[in-house]
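One-letter residues, chain by chain:
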Amino acid sequence: MAFRFLPWALALALAAPAAALADTPPFDLAGPVLEVTVTHAQVTLPISEVPNLAAGDQLSIRADLPATQSVRYLLVVAFLRGAANPPPKTWFYRSDTWNPKARDGLKVTVPEGAQQAVVFLAPQTGGDFRTLVDAVRGRPGAFVRASQDLVQASLDRSRLDAFLAALRRQDPADPERLKTVSPLLARSLTIKLNTDCFDKLPELQAACLMEGREALVLNDGHSTSIVEALTSGNPAQLASELSATAQAGFGYYSPYIGAAMDIARILDSLHTAQYQYIPALAQLRDERVALVLNTPPSFHNPLSVLVSALPAVEAAQAPPLRPVDPSAAYCVQRPGLVLPVEGAPLAYSTRFAHDMVLRLTDQAGKRVDLPARADAEQGGFVVDQTGLDPARLGGVVEGRLAGMWGFAPFEGPSFRLENGRAPWRLAGDDPGAVVAGRDDQVLLEGSAGACVESVQLRQASGDAQSLDWKAEPGGQLNVSVPLAGAPPGPLTLLVKRYGAGAPESIALQAFSQAGHLSSFAFHAGDAGGELKGSRLDQVASLVLAGTEFKPGPLASSGGEDTLQLAAGEPAGLARLAPGAVEQAKILLKDGRTARLKVVVAPPRPHIALIGKSTQAPVAKAAGAIRLGGPDELAEGGQLTFSVRATAPTTFSGHETIEVATLDGGASASLASGNGLIIEDPKVAVASLDPAKALGTSAYGRLRFRLVQDGNPGDWLPLATLVRLPAIRGLKCAQGGGCELLGVRLFLIDAIADNPAFDHPVQVPEGYPGETLRAPRPQDGRLYLKLHDDPGVISQLTIAERPKALSAAKPE
């Protein structure tokens, strides 16, 4: 089946309305009023609470005309049974409204087989009743379709009226209230909201919401399904568009019903010289039916016959109410409890759903019904808990909306309701530590997060501020604690529940900013691990699998700290297998604790240094420098070293040996065929050209480690890389001092003429010159302390050449 959407555009002025709609007058004329009640199974309801009729229902229909009514109206009720089956004459009932004997109107019974009910108000003339009967029986399909369109238009008009009436009740001076209410109204009544209105001045926003051309009454499947039952043929196709003309204040609104085109076309086809038929929408309020017209009635030929429709004769179709958030929980003790529901706007715009309750079951198994009413402004059903004793209910209880849809009972959606009374406390073993100087989070455990009315933070000074919080699954409460400008010290959380007296107090302690913990690397079989993060100097200890680790050396590089930790009793770590996931507990020196997830890494590969040899660079300068330390490696030299794999580690040819400076600023990987030769599964020989592998800026201590399958072993010391100055010569004055010539002289830390370094010449840091005052060598030798390894004394062998000294150089 195909359905068209039912757009109702709200606007004070629509630019260039469609030509097809331009001649269709709006429904803005007040017509006569009817009073209608329906009795079903000895229960009587006003027509406003009846969404459908049934065979055998007793209808009481009376025209409530003013005493000054000058035109005599004939009230006719007709029942139809489909477009292709003319009703019998006995299905037509008349009431002469001007006759005192007809003061009580009509009392009629819905006949078996009827599908529609139509009401006519016709000016009294001779033969008027017979004429109406013949018209309906002659073309029943036209009146079936007109009945269908009139019911649909009236239902959609009820949604629009409810929306506009709610907006008019708002205070134009309170734009925040309007922003809150409008989306709830739009959701409840299935209205498309023009959110651009909120960009206007506050005093213009409400009027804009009612006038905006983008505000639409959207298609509602429930009301469409109700109208669809009006006929046994094709479903309704109704297009309804609204326009409006502003008058004083919020203005009055002239709804232009697109269905009027369809109705007018149908009813115009019934036009005769004596009668014309004009549609009347029904506005329901209790038993009163106020007819709204779009054409002024004519009391000259052709006389105007008003046509309106009563609800369909069909089985009850309960509203498809559904919770807005099926997973949400609500507090049964919250005053003015609202259960948000959507899916059936007629439950809000009409009184078809009546005698609604929230149905609960107490701990003794007895049913508890709490009155509930639909409120579109609040976006749900408002529950009245008057007389409820929460002690009768459990901690969590299921509640279900139930009530009557017309004459038929129905059950709506269910809701999770909380009634917890367990005290709130800090979650787990959280000591309540928060960090001063930044916003923090605190997780509380208890019950009934939906029943928390407020959370406040009280400072040591006694000042309190309200906090934001969010109820989490599992009875937890996530509280945001803003401490950006707060000093360290004691704090108190105050948690207040609905229906409770004094709030609960939970102690907190604000500390100064702590470090950040990034990771803890621990390998199976190790007796220590490596913690990375910031401010790791605050770490007092770490506990993993019941074993305590104590801090060792701390290093910092690139803004990150690396802290080595050693296990006090490593025997307890033997059970930790590779891949095991553990929680490490870190204790800080100020008493705070933190937790860190640790995945046990595979055992480290282990190797040992067998030996090493160095090849000095080819000397191209006038002076030769002989390094004084056995572990020193001159820049430009070659390093060869051999290693032995320690059981259970063996060499496979797929591993690498990583060589790096101590700070990690420069590194190189040696692999088989690229500086690494595997002699056998236990021995490997590596060769390294530091200048090529590490770059010309690398210097200082070098270390190496084995990496197998991405798993690195421990770092081991290898050598100390030393950069050398290029010495071009030494010039000494007759009986005086000397001058050392060369480049990169800043790589010299100090010069002396004896290995004891008595009276050395200290070289300024970053010295840029190419000549340097130096002592006279003894036996052609000078002694150097180099910048890259100043703890070792090296020897410079150089011959002096006489020459007059230049300007003074550093001493």
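Residues numbered from 1 in each chain as written. Predicted model: local features only at pLDDT ≥ 70, side-chain atom pairs only at ≥ 80, totals over all residues. Heavy atoms only, no water.

**Thoughts on the overall build of the protein chain**
Scanning the protein chain from terminus to terminus reveals 9 helices and 55 strands. Split into buried and exposed, the 811 residues of the protein chain put 48% on the buried side. Relative to all contacts within the protein chain whose residues are 6 or more apart in sequence, the contacts with residues 24 or more apart total 67%. Carbon together with sulfur atoms contributes 51% to the accessible area of the protein chain, which is approximately 37100 Å² in total. (Helix = DSSP H or I, 4+ residues; strand = E, 2+ residues; numbered from the N terminus. Buried < 20%, exposed > 50% of the residue type's maximum accessible area, 1.4 Å probe, protein only. Contact = heavy atoms within 4.5 Å. Areas by Shrake-Rupley, 256 points an atom, 1.4 Å probe, with all protein chains shown as cover.)

**Regarding the environment of Ala460**
Structurally, Ala460 is set in the loop between strand S24 (452–458) and strand S25 (464–466). According to the relative accessible area criterion, Ala460 is exposed, its value standing at 64%. With 31 residues separating them along the chain, Ala460 and Leu491 place their C-alpha atoms 6.0 Å apart.

**Concerning the state of the cysteines**
If you walk through the whole model with that rule in mind, you get 2 disulfides. A sulfur-sulfur distance of 2.0 Å marks the disulfide that ties Cys331 to Cys451. Every disulfide takes its handedness from the sign of the S-S torsion; for Cys331 and Cys451 that torsion is 100°, giving right-handed. Taken together, the positions of Cys331 in strand S14 (residues 329–331) and Cys451 in the loop between strand S23 (440–445) and S24 put the pair 120 residues apart, joining distant regions of the chain. You'll find Cys331 and Cys451 in the same group, each marked buried. Disulfide partner of Cys732: Cys738, at an S-S distance of 1.8 Å. Residues Cys732 and Cys738 are joined through a disulfide that is right-handed, its torsion about the S-S bond being 105°. In terms of burial, Cys732 and Cys738 fall into one category: buried. (Disulfide = S-S within 2.5 Å.)

**Overview of the nonpolar core**
Counting residues in hydrophobic clusters, the biggest one holds 70 residues, and the most contacted among them are Phe120, Leu339 and Leu417. In terms of residues, this core owes the most to one element, helix H3 (residues 140–169), which gives 11 residues. The residues touching Leu417, leaving out its near neighbours within four places in the chain, are Tyr330, Val332, Leu337, Leu339, Leu358, Leu360, Gly395, Val396, Val397 and Gly399. Counting 32 residues, the second-largest nonpolar core is a separate cluster that includes Leu34, Leu45, Leu106 and Val108. (Core = buried A, V, L, I, M, F, W, Y, C linked by side-chain atoms within 4.5 Å.)

**Notes on the pattern of salt bridges**
A complete count under the given rule lists 32 salt bridges for this structure. A salt bridge links Asp156 to Arg159, with the shortest nitrogen-to-oxygen separation between them at 2.9 Å. Taken together, the positions of Asp156 and Arg159, both in helix H3 and 3 residues apart, correspond to about one turn of that helix. Each member of the pair, Asp156 as well as Arg159, carries the same accessibility label: buried. Between Asp537 and Arg535 there is a salt bridge; the shortest N-O distance is 3.7 Å. (Salt bridge = Lys/Arg side-chain N within 4 Å of Asp/Glu carboxyl O.)

**Here's the deal with the sheet that holds strand S17 (residues 367–375)**
Pairing in this open sheet of 8 strands is mixed, and the strands run S13-S15-S18-S17-S16-S19-S20-S14 from one edge to the other. In this open sheet, the two strands that pair with only one neighbour each are strand S13 (322–323) and S14. (Pairing = 2+ DSSP bridges.)

**Re the sheet that holds strand S48 (residues 726–732)**
If you trace the 4 strands from one edge of the open sheet to the other, you get S52-S49-S48-S55, paired in mixed fashion. Looking at strand neighbours, the two that pair on one side only are strand S52 (771–774) and strand S55 (800–802), the edges of this open sheet. Taken pair by pair, the neighbouring strands of this sheet meet at an average axis angle of 30°, ignoring direction. Relative to S55, S48 runs parallel, the two sharing 3 bridges. Bridging from a neighbouring strand, Leu730 pairs with Glu800 of S55. (Axes fitted to C-alpha atoms, helices over the stretch in contact; angles between N-to-C directions.)

**A look at the pairing of strand S36 (residues 593–599)**
Across 7 bridges, the pairing between strand S35 (residues 581–588) and S36 is antiparallel. What sits directly across from Val581, in S36, is Val599. In this structure, the hairpin formed by S35 and S36 is closed by a connection of 4 residues, where Gly591 is found at a positive phi of approximately 100°.

**Regarding the side chain of Gln795**
Note on placement: Gln795 falls in strand S54 (residues 793–797). Discounting chain neighbours no more than four positions away, the residues touching Gln795 are Ala624, Ile625, Arg626, Arg781, Leu782 and Tyr783.

**Side note on the packing of H3 against helix H4 (residues 175–189)**
Remark: H3 packs on H4, axes separated minimally by 10 Å, with the N-to-C direction vectors making an angle of 170°. Considered as vectors, H3 and H4 are oriented roughly antiparallel to each other. When H3 is examined against H4, the residues Arg159, Ala162, Phe163, Ala166 and Leu167 are found in contact with a partner set consisting of Leu178, Ser182, Leu185, Ala186 and Leu189. A per-class count over the contact of H3 with H4 returns 8 nonpolar, 1 polar and 1 charged. (Parallel < 35°, antiparallel > 145°, perpendicular 65-115°, else oblique. Nonpolar A, V, L, I, M, F, W, Y, C, P; charged D, E, K, R; others polar.)

**Here we look at unusual backbone geometry**
Excluding glycine, a negative phi dihedral is what most residues carry, and trans is how most peptide bonds are arranged. Residue Pro302 follows Asn301 across a cis peptide bond; omega there is -5°. Relative to the helices and strands, Pro302 is located in the loop between strand S11 (288–293) and strand S12 (303–309). In this model, Ala647 is joined to Pro648 through a cis peptide bond whose omega is 10°. We note that Asp355 has phi near 50°; this positive angle belongs to a residue other than glycine. Mapped onto the fold, Asp355 is located in strand S16 (residues 353–361). Phi angles above zero are rare outside glycine, and Asp709 is one such case at about 55°. Within the fold, Asp709 resides in the loop between strand S45 (700–708) and strand S46 (711–712). The class of Asp709 is exposed, set by a relative accessible area of 81%.

**Comments concerning the packing of aromatic side chains**
The tally for this structure, following the rule as stated, stands at 11 aromatic pairs. Here the aromatic residues Phe120, Phe143 and Tyr277 are joined through ring pairs into a cluster of three or more. For Arg81, the ring lying beneath its charged end belongs to Trp91, and the centroid distance is 5.1 Å. Directly above the ring of Phe757 sits Lys785, whose terminal nitrogen or CZ lies 4.8 Å from the centroid. (Phe/Tyr/Trp six-rings, centres within 6.5 Å; stacked < 30°, edge-to-face > 60°. Lys NZ or Arg CZ within 6 Å of the ring centre and 35° of its normal.)

**Quick word on the pairing of strand S33 (residues 547–557)**
For a regular strand, side-chain orientation follows a simple rule: the groups alternate between the two sheet faces. Examined bridge by bridge, strand S32 (residues 539–544) and S33 share 3 bridges and lie antiparallel to one another. Residue pairing for S33: Leu542 is matched across the bridge by Phe549. Connecting S32 to the antiparallel partner S33 that follows it, the hairpin turn spans 2 residues, and Ala545 within it adopts a positive phi of roughly 55°. With 7 bridges connecting them, S33 and strand S34 (residues 560–567) associate as antiparallel partners. Along S34, the bridge assignment pairs Ser557 with Glu560. Adjacent in sequence and paired antiparallel, S33 and S34 are bridged by 2 residues, among which Gly558 carries a positive phi angle near 60°.

**Considerations on the environment of Arg535**
Along the chain, Arg535 falls in the loop between strand S31 (528–533) and S32. A C-alpha to C-alpha distance of 9.4 Å links Arg535 and Gln513, two positions 22 residues apart in sequence. When sequence neighbours within four positions are dropped, the list of residues in contact with Arg535 reads Gln513, Gly515 and Asp561.

**Remarks on the confidence of the model for the protein chain**
Looking at the protein chain, the pLDDT average stands at 83 and 85% of residues meet or exceed 70. Residue range residues 1–22 is modelled with pLDDT below 50. Its contacts to residues more than four positions away, or to other chains, number 80 contacts. (pLDDT = per-residue confidence, 0-100.)

**Focus: the environment of Ala78**
Within the secondary structure, Ala78 sits in strand S4 (residues 73–80). A C-alpha to C-alpha distance of 5.8 Å links Ala78 and Trp91, two positions 13 residues apart in sequence. When residues no more than four places from it in sequence are discounted, the contact partners of Ala78 are Trp91, Phe92, Gln116, Ala117, Val118 and Phe120.

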